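Examining the three-dimensional arrangement
Here is what each chain is made of, one letter per residue.
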Amino acid sequence: MAGWKADRIPDQSGRTAVVTGGNSGIGYAAARELARRGASVVLACRSGSRGRAAEVALRGEVPGAEVEFMELDLADLASVREFADAYGRRHGTTLDLLVNNAGVMALPYGRTADGFETQFGVNHLGHFALTGLLLPHLLAAPPGARIVSLSSGFHVFGDVDHEDLNSERGYRRWIAYGRSKTANLLFTHELARRLATAGSGIVAAAAHPGYSSTNLHVAAAPQAGTGLGSRLAVAANGLGVAIGNGIIAQSAASGALPTLYAATAPGVRPDEFIGPRFSVRGAPHRSWRAKWTLDDKSGERLWAASEKLTGVSYASLSR
(Lines give C-alpha, C1' and ligand atoms only; values in the text may rest on other atoms or scores of the structure.)
Protein backbone atom coordinates (compact mmCIF):
# COMPACT_ATOMS: atom_id res chain seq x y z
CA MET A 1 0.00 0.00 0.00
CA ALA A 2 3.00 2.29 0.57
CA GLY A 3 3.12 5.12 -1.94
CA TRP A 4 0.04 3.89 -3.80
CA LYS A 5 -1.01 6.28 -6.56
CA ALA A 6 -3.67 6.41 -9.27
CA ASP A 7 -1.36 4.91 -11.88
CA ARG A 8 -1.59 1.63 -9.95
CA ILE A 9 -5.35 1.32 -10.50
CA PRO A 10 -5.94 -2.00 -12.29
CA ASP A 11 -7.54 -1.97 -15.73
CA GLN A 12 -11.25 -1.19 -15.36
CA SER A 13 -12.33 -1.98 -18.92
CA GLY A 14 -15.74 -3.62 -19.07
CA ARG A 15 -16.70 -2.39 -15.59
CA THR A 16 -19.44 0.11 -14.78
CA ALA A 17 -19.17 2.48 -11.83
CA VAL A 18 -21.69 4.84 -10.24
CA VAL A 19 -20.14 7.74 -8.32
CA THR A 20 -22.50 9.92 -6.31
CA GLY A 21 -21.50 13.57 -6.15
CA GLY A 22 -19.26 12.99 -9.14
CA ASN A 23 -19.47 16.56 -10.41
CA SER A 24 -16.79 18.06 -8.16
CA GLY A 25 -14.09 17.47 -5.58
CA ILE A 26 -13.29 13.94 -4.46
CA GLY A 27 -16.12 12.46 -6.53
CA TYR A 28 -15.00 14.07 -9.77
CA ALA A 29 -11.37 13.12 -9.20
CA ALA A 30 -12.34 9.50 -8.49
CA ALA A 31 -14.64 9.34 -11.51
CA ARG A 32 -11.95 10.78 -13.76
CA GLU A 33 -9.35 8.19 -12.73
CA LEU A 34 -11.81 5.31 -13.05
CA ALA A 35 -12.68 6.51 -16.57
CA ARG A 36 -8.99 6.91 -17.38
CA ARG A 37 -8.52 3.23 -16.57
CA GLY A 38 -11.38 2.20 -18.84
CA ALA A 39 -14.47 2.10 -16.62
CA SER A 40 -17.85 3.29 -17.84
CA VAL A 41 -18.72 5.93 -15.25
CA VAL A 42 -22.09 7.34 -14.21
CA LEU A 43 -21.91 10.74 -12.51
CA ALA A 44 -24.87 10.68 -10.12
CA CYS A 45 -25.43 14.34 -9.20
CA ARG A 46 -28.20 16.55 -7.86
CA SER A 47 -27.58 19.56 -10.11
CA GLY A 48 -28.29 19.04 -13.79
CA SER A 49 -26.16 21.99 -14.91
CA ARG A 50 -23.17 21.01 -12.77
CA GLY A 51 -23.53 17.34 -13.66
CA ARG A 52 -23.59 18.00 -17.38
CA ALA A 53 -20.66 20.42 -17.06
CA ALA A 54 -18.67 17.75 -15.21
CA GLU A 55 -19.45 15.23 -17.94
CA VAL A 56 -18.11 17.63 -20.58
CA ALA A 57 -15.03 18.44 -18.50
CA LEU A 58 -14.24 14.80 -17.87
CA ARG A 59 -14.51 13.96 -21.56
CA GLY A 60 -12.06 16.79 -22.20
CA GLU A 61 -9.57 15.45 -19.67
CA VAL A 62 -9.96 11.81 -20.71
CA PRO A 63 -10.55 11.60 -24.47
CA GLY A 64 -12.76 8.65 -25.34
CA ALA A 65 -14.06 8.32 -21.78
CA GLU A 66 -17.34 6.50 -21.28
CA VAL A 67 -19.11 8.86 -18.92
CA GLU A 68 -22.72 9.83 -18.38
CA PHE A 69 -24.51 12.22 -16.06
CA MET A 70 -27.67 10.97 -14.35
CA GLU A 71 -29.70 13.06 -11.94
CA LEU A 72 -29.82 11.96 -8.31
CA ASP A 73 -30.99 13.94 -5.28
CA LEU A 74 -30.11 12.01 -2.12
CA ALA A 75 -32.32 14.36 -0.10
CA ASP A 76 -35.40 12.99 -1.89
CA LEU A 77 -36.16 9.26 -1.76
CA ALA A 78 -38.41 9.58 -4.81
CA SER A 79 -35.37 10.79 -6.76
CA VAL A 80 -33.30 7.89 -5.43
CA ARG A 81 -35.92 5.42 -6.68
CA GLU A 82 -36.14 7.18 -10.04
CA PHE A 83 -32.37 7.00 -10.41
CA ALA A 84 -32.26 3.27 -9.64
CA ASP A 85 -35.06 2.58 -12.15
CA ALA A 86 -33.34 4.71 -14.81
CA TYR A 87 -30.02 2.95 -14.22
CA GLY A 88 -31.64 -0.41 -14.92
CA ARG A 89 -33.21 0.86 -18.13
CA ARG A 90 -29.98 2.42 -19.42
CA HIS A 91 -27.31 0.04 -18.20
CA GLY A 92 -28.98 -3.35 -17.89
CA THR A 93 -28.74 -5.77 -15.03
CA THR A 94 -25.21 -5.34 -13.69
CA LEU A 95 -23.18 -2.80 -11.75
CA ASP A 96 -19.55 -3.41 -10.76
CA LEU A 97 -18.81 -0.50 -8.45
CA LEU A 98 -20.89 1.88 -6.35
CA VAL A 99 -19.07 4.80 -4.74
CA ASN A 100 -21.26 6.48 -2.11
CA ASN A 101 -19.32 9.74 -2.17
CA ALA A 102 -21.80 12.63 -2.06
CA GLY A 103 -22.46 14.38 1.20
CA VAL A 104 -23.11 17.58 3.10
CA MET A 105 -21.17 18.86 6.09
CA ALA A 106 -22.08 20.84 9.19
CA LEU A 107 -25.14 22.54 7.75
CA PRO A 108 -27.65 24.54 9.80
CA TYR A 109 -30.63 22.45 10.84
CA GLY A 110 -32.85 21.48 7.94
CA ARG A 111 -34.96 18.62 6.65
CA THR A 112 -34.96 16.55 3.49
CA ALA A 113 -37.98 16.16 1.23
CA ASP A 114 -38.98 13.16 3.36
CA GLY A 115 -38.61 14.98 6.67
CA PHE A 116 -35.23 13.63 7.83
CA GLU A 117 -32.55 15.84 9.37
CA THR A 118 -30.51 16.87 6.34
CA GLN A 119 -27.09 15.46 7.24
CA PHE A 120 -28.44 12.11 8.43
CA GLY A 121 -30.86 12.01 5.50
CA VAL A 122 -28.35 12.79 2.75
CA ASN A 123 -25.16 11.26 4.10
CA HIS A 124 -26.67 8.03 5.39
CA LEU A 125 -30.30 7.36 4.52
CA GLY A 126 -30.06 8.45 0.88
CA HIS A 127 -27.07 6.18 0.31
CA PHE A 128 -28.64 3.34 2.30
CA ALA A 129 -31.67 3.49 0.00
CA LEU A 130 -29.57 3.83 -3.16
CA THR A 131 -27.36 0.86 -2.26
CA GLY A 132 -30.37 -1.31 -1.49
CA LEU A 133 -32.10 -0.43 -4.74
CA LEU A 134 -28.93 -1.06 -6.79
CA LEU A 135 -27.93 -4.21 -4.89
CA PRO A 136 -29.57 -6.62 -7.38
CA HIS A 137 -27.36 -5.11 -10.11
CA LEU A 138 -24.27 -5.51 -7.94
CA LEU A 139 -25.15 -9.10 -7.08
CA ALA A 140 -25.57 -9.85 -10.79
CA ALA A 141 -22.12 -8.48 -11.67
CA PRO A 142 -19.10 -10.67 -12.36
CA PRO A 143 -16.76 -11.36 -9.42
CA GLY A 144 -15.06 -8.26 -8.08
CA ALA A 145 -18.00 -5.95 -7.39
CA ARG A 146 -17.49 -3.40 -4.62
CA ILE A 147 -19.41 -0.84 -2.59
CA VAL A 148 -17.34 2.01 -1.15
CA SER A 149 -18.90 4.48 1.27
CA LEU A 150 -17.23 7.77 2.21
CA SER A 151 -16.95 8.52 5.89
CA SER A 152 -14.71 11.03 7.67
CA GLY A 153 -12.22 11.29 10.49
CA PHE A 154 -14.88 13.51 12.06
CA HIS A 155 -16.92 10.40 12.84
CA VAL A 156 -15.19 10.64 16.23
CA PHE A 157 -17.43 13.63 17.03
CA GLY A 158 -20.29 11.33 17.88
CA ASP A 159 -21.81 7.87 17.98
CA VAL A 160 -25.25 7.40 16.47
CA ASP A 161 -28.04 8.36 18.87
CA HIS A 162 -30.58 5.61 18.21
CA GLU A 163 -33.19 7.43 20.28
CA ASP A 164 -32.87 10.64 18.26
CA LEU A 165 -31.67 9.83 14.74
CA ASN A 166 -33.08 13.07 13.33
CA SER A 167 -31.67 15.36 16.05
CA GLU A 168 -35.13 16.46 17.17
CA ARG A 169 -34.13 16.85 20.82
CA GLY A 170 -31.34 19.30 19.99
CA TYR A 171 -29.05 20.08 17.11
CA ARG A 172 -25.34 20.80 16.98
CA ARG A 173 -24.25 20.75 13.39
CA TRP A 174 -20.77 19.26 13.88
CA ILE A 175 -22.05 16.57 16.22
CA ALA A 176 -24.78 15.75 13.68
CA TYR A 177 -22.16 15.55 10.95
CA GLY A 178 -20.01 13.22 13.03
CA ARG A 179 -23.00 11.00 13.76
CA SER A 180 -23.85 10.79 10.05
CA LYS A 181 -20.27 9.73 9.32
CA THR A 182 -20.46 7.13 12.09
CA ALA A 183 -23.64 5.91 10.39
CA ASN A 184 -21.67 5.46 7.16
CA LEU A 185 -19.19 3.21 8.96
CA LEU A 186 -21.86 1.26 10.83
CA PHE A 187 -23.69 0.75 7.52
CA THR A 188 -20.53 -0.59 5.90
CA HIS A 189 -19.88 -2.86 8.89
CA GLU A 190 -23.36 -4.37 8.84
CA LEU A 191 -23.50 -4.55 5.04
CA ALA A 192 -20.19 -6.43 4.93
CA ARG A 193 -21.47 -8.84 7.57
CA ARG A 194 -24.72 -9.50 5.73
CA LEU A 195 -22.99 -9.96 2.39
CA ALA A 196 -20.67 -12.53 3.96
CA THR A 197 -23.59 -14.35 5.57
CA ALA A 198 -25.34 -14.49 2.19
CA GLY A 199 -22.21 -15.95 0.60
CA SER A 200 -21.68 -12.96 -1.67
CA GLY A 201 -18.21 -11.97 -2.84
CA ILE A 202 -19.07 -8.26 -2.98
CA VAL A 203 -16.63 -6.21 -0.92
CA ALA A 204 -18.17 -3.40 1.13
CA ALA A 205 -15.49 -1.02 2.37
CA ALA A 206 -15.21 2.56 3.57
CA ALA A 207 -12.80 5.42 2.95
CA HIS A 208 -12.10 8.97 4.00
CA PRO A 209 -10.12 11.68 2.20
CA GLY A 210 -8.37 13.30 5.16
CA TYR A 211 -8.25 17.07 4.80
CA SER A 212 -8.73 17.85 1.13
CA SER A 213 -9.32 21.16 -0.57
CA THR A 214 -12.90 20.84 -1.81
CA ASN A 215 -16.06 22.92 -1.77
CA LEU A 216 -17.42 20.81 1.09
CA HIS A 217 -15.47 22.98 3.55
CA VAL A 218 -16.86 26.14 1.99
CA ALA A 219 -20.39 24.77 2.25
CA ALA A 220 -19.85 24.21 5.96
CA ALA A 221 -19.23 27.91 6.64
CA PRO A 222 -21.64 29.68 9.02
CA GLN A 223 -24.67 31.15 7.35
CA ALA A 224 -24.53 34.93 7.13
CA GLY A 225 -26.91 36.83 9.37
CA THR A 226 -27.68 40.50 9.75
CA GLY A 227 -25.65 41.08 12.91
CA LEU A 228 -22.03 42.13 13.10
CA GLY A 229 -21.14 38.99 15.09
CA SER A 230 -22.56 36.73 12.43
CA ARG A 231 -20.72 38.55 9.65
CA LEU A 232 -17.45 38.37 11.60
CA ALA A 233 -17.97 34.62 12.16
CA VAL A 234 -18.42 34.08 8.43
CA ALA A 235 -15.28 36.10 7.67
CA ALA A 236 -13.25 34.24 10.31
CA ASN A 237 -14.42 30.88 9.05
CA GLY A 238 -13.55 31.83 5.48
CA LEU A 239 -10.07 32.89 6.56
CA GLY A 240 -9.61 29.66 8.50
CA VAL A 241 -10.67 27.57 5.51
CA ALA A 242 -8.32 29.50 3.23
CA ILE A 243 -5.37 28.99 5.61
CA GLY A 244 -6.21 25.33 6.15
CA ASN A 245 -6.60 24.67 2.45
CA GLY A 246 -3.35 26.46 1.68
CA ILE A 247 -1.16 24.88 4.37
CA ILE A 248 -2.66 21.56 5.50
CA ALA A 249 -5.03 20.34 2.83
CA GLN A 250 -4.09 18.03 0.01
CA SER A 251 -5.60 18.29 -3.45
CA ALA A 252 -8.88 16.66 -4.41
CA ALA A 253 -6.87 14.28 -6.60
CA SER A 254 -4.81 13.17 -3.59
CA GLY A 255 -7.90 13.08 -1.38
CA ALA A 256 -9.56 10.70 -3.84
CA LEU A 257 -6.78 8.11 -3.57
CA PRO A 258 -8.20 6.31 -0.48
CA THR A 259 -11.52 5.99 -2.30
CA LEU A 260 -9.82 4.68 -5.43
CA TYR A 261 -7.72 2.26 -3.40
CA ALA A 262 -10.79 0.88 -1.61
CA ALA A 263 -12.61 0.63 -4.95
CA THR A 264 -9.93 -1.04 -7.05
CA ALA A 265 -6.83 -2.29 -5.23
CA PRO A 266 -6.36 -6.05 -4.94
CA GLY A 267 -6.68 -7.47 -1.45
CA VAL A 268 -9.07 -4.94 0.06
CA ARG A 269 -11.03 -6.78 2.73
CA PRO A 270 -14.70 -6.32 3.67
CA ASP A 271 -15.29 -3.55 6.22
CA GLU A 272 -11.83 -2.04 5.81
CA PHE A 273 -11.54 1.70 6.37
CA ILE A 274 -8.98 3.38 4.13
CA GLY A 275 -7.66 6.91 4.64
CA PRO A 276 -4.47 8.96 4.26
CA ARG A 277 -1.45 7.52 6.04
CA PHE A 278 -1.00 10.60 8.22
CA SER A 279 -4.69 11.05 8.97
CA VAL A 280 -5.17 14.36 7.14
CA ARG A 281 -2.89 13.69 4.17
CA GLY A 282 -0.65 11.06 2.64
CA ALA A 283 -0.89 7.87 0.59
CA PRO A 284 -3.77 5.43 1.23
CA HIS A 285 -3.43 3.40 4.41
CA ARG A 286 -5.67 1.40 6.73
CA SER A 287 -7.30 3.96 8.99
CA TRP A 288 -8.09 3.94 12.70
CA ARG A 289 -11.80 4.05 13.55
CA ALA A 290 -13.76 4.50 16.76
CA LYS A 291 -14.79 1.27 18.44
CA TRP A 292 -18.48 2.16 18.24
CA THR A 293 -18.34 1.85 14.43
CA LEU A 294 -17.64 -1.88 14.86
CA ASP A 295 -20.54 -2.59 17.23
CA ASP A 296 -22.65 -5.40 15.78
CA LYS A 297 -25.76 -4.59 17.80
CA SER A 298 -25.59 -0.91 16.92
CA GLY A 299 -25.16 -1.79 13.25
CA GLU A 300 -28.17 -4.09 13.32
CA ARG A 301 -30.27 -1.46 15.06
CA LEU A 302 -29.32 1.27 12.60
CA TRP A 303 -30.02 -1.09 9.70
CA ALA A 304 -33.51 -1.90 10.97
CA ALA A 305 -34.30 1.77 11.52
CA SER A 306 -32.95 2.68 8.07
CA GLU A 307 -35.11 0.08 6.35
CA LYS A 308 -38.15 1.40 8.19
CA LEU A 309 -37.41 5.07 7.48
CA THR A 310 -36.59 4.60 3.78
CA GLY A 311 -38.97 1.79 2.93
CA VAL A 312 -36.06 0.01 1.20
CA SER A 313 -35.60 -3.61 2.22
CA TYR A 314 -32.51 -5.64 1.36
CA ALA A 315 -34.55 -8.78 0.68
CA SER A 316 -31.64 -10.67 -0.88
CA LEU A 317 -29.65 -10.21 2.34
CA SER A 318 -32.46 -11.00 4.78
CA ARG A 319 -31.15 -12.80 7.81
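Definitions and cut-offs
Residues numbered from 1 in each chain as written. Predicted model: local features only at pLDDT ≥ 70, side-chain atom pairs only at ≥ 80, totals over all residues. Heavy atoms only, no water. 1 Å grid on protein atoms, 1.4 Å probe; cavity = no way out; pocket = protein on both sides within 12 Å on 5 of 7 lines; lining within 4 Å. Points joined across faces, edges and corners; volume = space filled by probe spheres on them. Helix = DSSP H or I, 4+ residues; strand = E, 2+ residues; numbered from the N terminus. Nonpolar A, V, L, I, M, F, W, Y, C, P; charged D, E, K, R; others polar. Pairing = 2+ DSSP bridges. Axes fitted to C-alpha atoms, helices over the stretch in contact; angles between N-to-C directions. Contact = heavy atoms within 4.5 Å.

1. Digging into empty space enclosed by the protein
Scanning the entire structure with this criterion turns up three cavities of 30 Å³ or more. Its volume calculated, the largest cavity comes out at about 80 Å³. Together, Glu117, Phe120, Val160, Asp161, Asp164, Leu165, Ser167, Ala176, Arg179 and Ser180 line the largest cavity. For the lining of the largest cavity, the element with the highest residue contribution is helix 5 (residues 173–197), accounting for three residues. If you add up the space inside the second largest cavity, you get close to 40 Å³. Lining the second largest cavity, in full, are Leu74, Ala75, Asp76, Leu77, Thr112, Asp114, Phe116, Gly121, Leu125 and Gly126. Considering every element that reaches the lining of the second largest cavity, the biggest residue donor is helix 4 (residues 118–139), with three residues. Grouping the amino acids of the lining of the second largest cavity by side-chain chemistry returns five nonpolar, three polar and two charged.

2. Focus on the sheet that holds strand 4 (residues 97–100)
Strand order across the open sheet formed by eight strands is 3-2-1-4-5-6-7-8, with mixed pairing between neighbours. In this open sheet, the two strands that pair with only one neighbour each are strand 3 (66–71) and strand 8 (284–286). Across the sheet, the axes of successive neighbouring strands diverge by a mean angle of 25°, strand direction being ignored. The pairing of strand 5 (residues 146–150) with strand 6 (residues 203–207) spans five bridges and is parallel. Counterpart to Ile147 in the pairing with strand 6 is Ala204. Packing against the sheet, helix 4 makes contact with strand 1 (16–20), strand 4 and strand 5, and its axis sits at approximately 175° to strand 4. Along the sheet, helix 9 (residues 257–264) contacts strand 4, strand 5, strand 6, strand 7 (273–276) and strand 8; its crossing angle with strand 5, the most-contacted strand, is approximately 160°.

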